[in-house]
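Summary of structural features
Spelled out, the chains give:
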Amino acid sequence: MNYTTLYSGVYRARNLTHKLAKVLVWVFGLQAAILYLLASVADAPLTSLTGPALRVAVAVAFMLLVPRLFDTALQRIERASQRAE
């Protein structure tokens, strides 16, 4: 098994996932901010914003946690390649 190729592929997937998560945080955060402003101007109850707020929270958690999972996988690949040498 070629550990260099495996490491490179996992690292590329990590970067792609991180960029996607950043975009989702911006999109969902902007949506939640606009809806919050519209609801506050219209004196609407803010309980109607729980859906967008939950999407932002999930996207932020995704952005923070998934790269750490990839980092753990990368460390395991690195340890395995060192043992194989």
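Here, the structure is the one placed above.
Just so it is clear, the structure is predicted and the values come from calculations on it, not from any experiment.

Rules of the game
- Residues numbered from 1 in each chain as written.
- Predicted model: local features only at pLDDT ≥ 70, side-chain atom pairs only at ≥ 80, totals over all residues.
- Heavy atoms only, no water.
- Helix = DSSP H or I, 4+ residues; strand = E, 2+ residues; numbered from the N terminus.
- Rg over C-alpha atoms; globule rule 2.2 N^0.38 Å.
- Buried < 20%, exposed > 50% of the residue type's maximum accessible area, 1.4 Å probe, protein only.
- Lys, Arg positive; Asp, Glu negative; His and termini not counted.
- Charge placed at Lys NZ, Arg CZ, Asp CG, Glu CD.
- Axes fitted to C-alpha atoms, helices over the stretch in contact; angles between N-to-C directions.
- Parallel < 35°, antiparallel > 145°, perpendicular 65-115°, else oblique.
- Nonpolar A, V, L, I, M, F, W, Y, C, P; charged D, E, K, R; others polar.
- Phe/Tyr/Trp six-rings, centres within 6.5 Å; stacked < 30°, edge-to-face > 60°.
- Lys NZ or Arg CZ within 6 Å of the ring centre and 35° of its normal.
- Contact = heavy atoms within 4.5 Å.
- Salt bridge = Lys/Arg side-chain N within 4 Å of Asp/Glu carboxyl O.

Counting its regular elements, the protein chain contains 2 helices and 0 strands. Relative to the globule expectation of 12 Å for 85 residues, the C-alpha radius of gyration of the protein chain, 19 Å, shows a markedly less compact shape. Taken over the C-alpha atoms alone, the protein chain extends approximately 65 × 15 × 10 Å along its principal axes. Burial analysis of the protein chain (85 residues in total) assigns 20% to the buried set. Charge centroids of the protein chain, computed over 9 positive and 4 negative side chains, lie 4 Å from each other.

Turning our attention to the packing of helix H1 (residues 3-41) against helix H2 (residues 50-84). How two helices pack is summed up by the angle between their axes together with the distance between the axes. Contact geometry for H1 and H2: axes closest at 8 Å, N-to-C directions at 170 degrees. Judged by the inter-axis angle, H1 sits roughly antiparallel to H2. Here the residues of the contact of H1 with H2 sort into 26 nonpolar, 5 polar and 4 charged.

On inspection of all chains with the given rule, the structure shows 0 aromatic pairs. Its guanidinium or amino end placed over the ring of phenylalanine 28, arginine 55 lies 5.9 Å from that ring's centre, counting from NZ or CZ.

With respect to the helices, strands and loops of the structure, arginine 14 is situated in helix H1. Taking the relative accessible area as the measure of exposure, arginine 14 reaches 17% and is therefore buried. Setting aside residues no more than four positions away along its own chain, arginine 14 makes contact with Pro67, Phe70, Asp71 and Leu74.

With that out of the way, let us pick up the pattern of salt bridges. Scanning all chains against the criterion turns up 1 salt bridge. Arginine 14 is paired through a salt bridge with aspartate 71; the nearest N and O atoms lie 2.7 Å apart. Here aspartate 71 lies in helix H2 and arginine 14 lies in helix H1, a separation of 57 residues in the sequence.

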